[in-house]
Amino acid sequence: MIIQLEKDIAAPQLAALQQKLADINYQTNQINTQFGDYIVGIGKRDFDIRAIGTLDGVRDIHKVSDAYKLVSKKWKVKDTVIDLGDGVNIGTGHFQMMAGPCSIESEEQINDTIQLLKANNIKIMRGGVYKPRSSPYSFRGLGIDGLKLWHQLAKEAGIKIITEVMMSEQIEAMYDYVDIFQVGARNSQNFNLLDALGKVDKPVLLKRGISGTLNELLQAAEYIFSNGNEKIMLCERGIRSYETAYRNTFDINAIAILKEKTHLPVIADPSHGIGLRAYIEPIALASIMAGADGVIFEAHHTPEKAFSDGQQTLNNEQASNLFRKMRRTYMLREELK
Ligand code: PEP
Ligand code: MN
């Protein structure tokens, strides 16, 4: 059950509400976010919700029996649109493309990517400065100094930054230089990190775990929301399957299903989803038709020389073509609605 409170609910009204919930053996959690105050009630007994809905200080009440609640569309029918500032929004009706290298490598590479994005009117650049690598001997990123340099160059160009945070201890140092915190597939159920990101007022792109179910992804998002941050995007990036012909199995079903289950924006990552450069384009376009609110992919001026994930990275010409085709595909999807 979700109870939306009036912003100015008085202490005695809140106490009366809590008492009523205690009387029916409901365990309650009060949640205050940037946008609203809520009580999430967990309990077994069926009862007439009007008995609570009519109490003073209650704005609205909804029965939601799923394991995830606040991120569910069962109570918030209107989709969430995340405002990144400067007229950049993500969510239903606000399709966004994000691109950039797997890893931030050098000033020259950052500048080249910014030029690519500007030439295509793209507002958000991706790149990792803390890289989760399967082998400890692989390149692990330029760290906070790389992020500061990137931020300085991106800010001058009016480009926003999405980058991965791997540990809650990194959040504070990264905060001023990041527009969207990315939670990687390997950290999708790092509940301490999710709790910590719930306490910041910056958008979070949460990737699906390597073998995560959609329920697990939605519950991971619930961690962030229930800690106070409603600015969450979910990202399909492929799951581990028995197939070895490509890196991951991109689950296009997930995009359509998530759009149905949650009000949060859903983003597709075809680069990690299939892991092979030749197929990024069809998978990106297919995910738009499946309902994605955005696509994030890897681009580099010389993919063959990229420090990481070169095999799935597009060069500038391929990236420019993909931006153009994605815009057309999005327009077609909207036309077909
Ligand atoms: C990345 O975006 O570069 C990345 C490491 O992604 P994932 O967590 O999906 O593997
Ligand atoms: Mn990568």
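It should be emphasised that the depicted structure is a prediction, and the values quoted were computed from it without experimental measurement.

A. Focus on the overall build of the protein chain. In terms of regular secondary structure, the protein chain is built from eleven helices and 14 strands. Seen along its three principal axes, the alpha-carbon backbone of the protein chain occupies a region of about 65 × 45 × 40 Å. Expressed as a percentage of its 337 residues, the buried residues of the protein chain come to 54%. Counted over contacts in the protein chain with a minimum sequence separation of 6, partners at least 24 positions apart contribute 68%. Just so you have it, the protein chain exposes about 15,100 Å², and 48% of that area is on carbon and sulfur atoms. Here the protein chain carries 40 positive and 41 negative side-chain charges, and the mean point of each set is 3 Å from the other.

B. Quick peek at the coordination of the manganese ion (ligand 2). Donor atoms from the polypeptide that coordinate the manganese ion (ligand 2) comprise Cys102 (SG), His272 (NE2), Glu298 (OE) and Asp309 (OD), at 2.0 to 2.4 Å from the metal. Motif for the manganese ion (ligand 2), donor spacing along one chain: C-x169-H-x25-E-x10-D. Highlighted residues: His272 in helix H9 (residues 270-274) and Asp309 in the loop between strand S14 (294-298) and helix H11 (316-336), separated in sequence by 37 residues. For the pair formed by His272 and Asp309, the shared burial category is buried.

C. The pattern of salt bridges, seen in detail. One pass over the full model with this rule turns up 17 salt bridges. Across the salt bridge formed by Arg50 and Asp48, the nearest N and O atoms sit 2.8 Å from each other. Salt-bridge contacts for Lys259 lead to Asp79; the nearest nitrogen and oxygen are separated by 3.9 Å. Here Lys259 is found in helix H8 (residues 252-261), whereas its partner Asp79 is found in the loop between strand S4 (58-62) and strand S5 (82-83), with 180 residues between them in sequence. Residue class for Lys259 comes out buried when judged on its relative accessible area of 15%.

D. Region of the structure containing the domain arrangement of the protein chain. By the assigned domains, the protein chain splits into domain 1 (2-62) and domain 2 (82-336). Relative placement of domain 1 and domain 2: their C-alpha centres are 36 Å apart. Counting from both sides, the interface comprises seven residues of domain 1 and, opposite them, eight residues of domain 2. In total, about 560 Å² of surface goes out of reach between domain 1 and domain 2, with carbon and sulfur atoms giving 56% of it. It is Ile31, Gln34 and Phe35 in domain 1 that bury the most area against domain 2; as a group they hold 68% of the surface buried on that side. Here domain 1 and domain 2 share zero salt bridges between them.

E. View of the packing of aromatic side chains. Tallying each qualifying case throughout the model produces seven aromatic pairs. Geometrically, the ring pair formed by Phe139 and Phe307 is edge-to-face, given 4.9 Å between the ring centres and 85 degrees between the ring planes. One end of the pair, Phe139, is in the loop between strand S8 (124-126) and helix H4 (143-157); the other, Phe307, is in the loop between S14 and H11, with 168 residues separating them in the sequence. What makes Phe139 partly exposed here is its relative accessible area of 23%. Taken together, the aromatic side chains of Tyr38, Trp75 and Phe225 make up a single cluster linked through ring pairs. The ring of Tyr175 carries the charged tip of Lys202 above its face, separated from the ring centre by 4.4 Å.

F. Structural view of the site of ligand 1. Surveying the vicinity of ligand 1 reveals 13 residues, the closest of which are Arg126, Lys131, Ala185, Arg186 and Arg237. His272 has a polar side-chain atom sitting 3.2 Å from an oxygen atom of ligand 1. When the free accessible area of ligand 1 is taken as 290 Å², the share hidden by the protein chains comes to 97%.

G. Representation of the sheet that holds strand S2 (residues 27-32). Judged by pairing direction, the sheet is antiparallel, and its four strands sit side by side in the order S2-S3-S1-S4 without closing on themselves. In this open sheet, the two strands that pair with only one neighbour each are S2 and S4. In this sheet, neighbouring strand axes are inclined to one another by 20 degrees on average, regardless of whether the strands run parallel or antiparallel.

H. Representation of the packing of helix H3 (residues 107-119) against H4 within the structure. At their nearest, the axes of H3 and H4 sit 10 Å apart, and the two run at 25 degrees to each other. The orientation of H3 with respect to H4, classified from their angle, is roughly parallel. The handedness of the crossing between H3 and H4 comes out as right-handed. From H3, Glu107, Ile110, Asn111, Ile114 and Lys118 reach across to H4, where they touch Leu149, Trp150, Leu153, Ala154 and Ala157. Of the residues belonging to the contact of H3 with H4, the class tally is seven nonpolar, one polar and two charged.

Conventions used here
- Residues numbered from 1 in each chain as written.
- Chains lettered and ligands numbered in written order.
- Predicted model: local features only at pLDDT ≥ 70, side-chain atom pairs only at ≥ 80, totals over all residues.
- Heavy atoms only, no water.
- Helix = DSSP H or I, 4+ residues; strand = E, 2+ residues; numbered from the N terminus.
- Buried < 20%, exposed > 50% of the residue type's maximum accessible area, 1.4 Å probe, protein only.
- Contact = heavy atoms within 4.5 Å.
- Areas by Shrake-Rupley, 256 points an atom, 1.4 Å probe, with all protein chains shown as cover.
- Lys, Arg positive; Asp, Glu negative; His and termini not counted.
- Charge placed at Lys NZ, Arg CZ, Asp CG, Glu CD.
- Donors = N, O, S within 2.8 Å, 3.2 Å for Na, K, Ca; no water.
- Salt bridge = Lys/Arg side-chain N within 4 Å of Asp/Glu carboxyl O.
- Domains from an automatic or database assignment.
- Buried area = accessible area lost by both parts, 1.4 Å probe.
- Phe/Tyr/Trp six-rings, centres within 6.5 Å; stacked < 30°, edge-to-face > 60°.
- Lys NZ or Arg CZ within 6 Å of the ring centre and 35° of its normal.
- Near = heavy atom within 4 Å.
- Polar contact = N/O pair within 3.5 Å; in protein donor to acceptor, adjacent residues only side chain to side chain.
- Pairing = 2+ DSSP bridges.
- Axes fitted to C-alpha atoms, helices over the stretch in contact; angles between N-to-C directions.
- Parallel < 35°, antiparallel > 145°, perpendicular 65-115°, else oblique.
- Left-handed = near helix turned anticlockwise from the far one by under 90°.
- Nonpolar A, V, L, I, M, F, W, Y, C, P; charged D, E, K, R; others polar.

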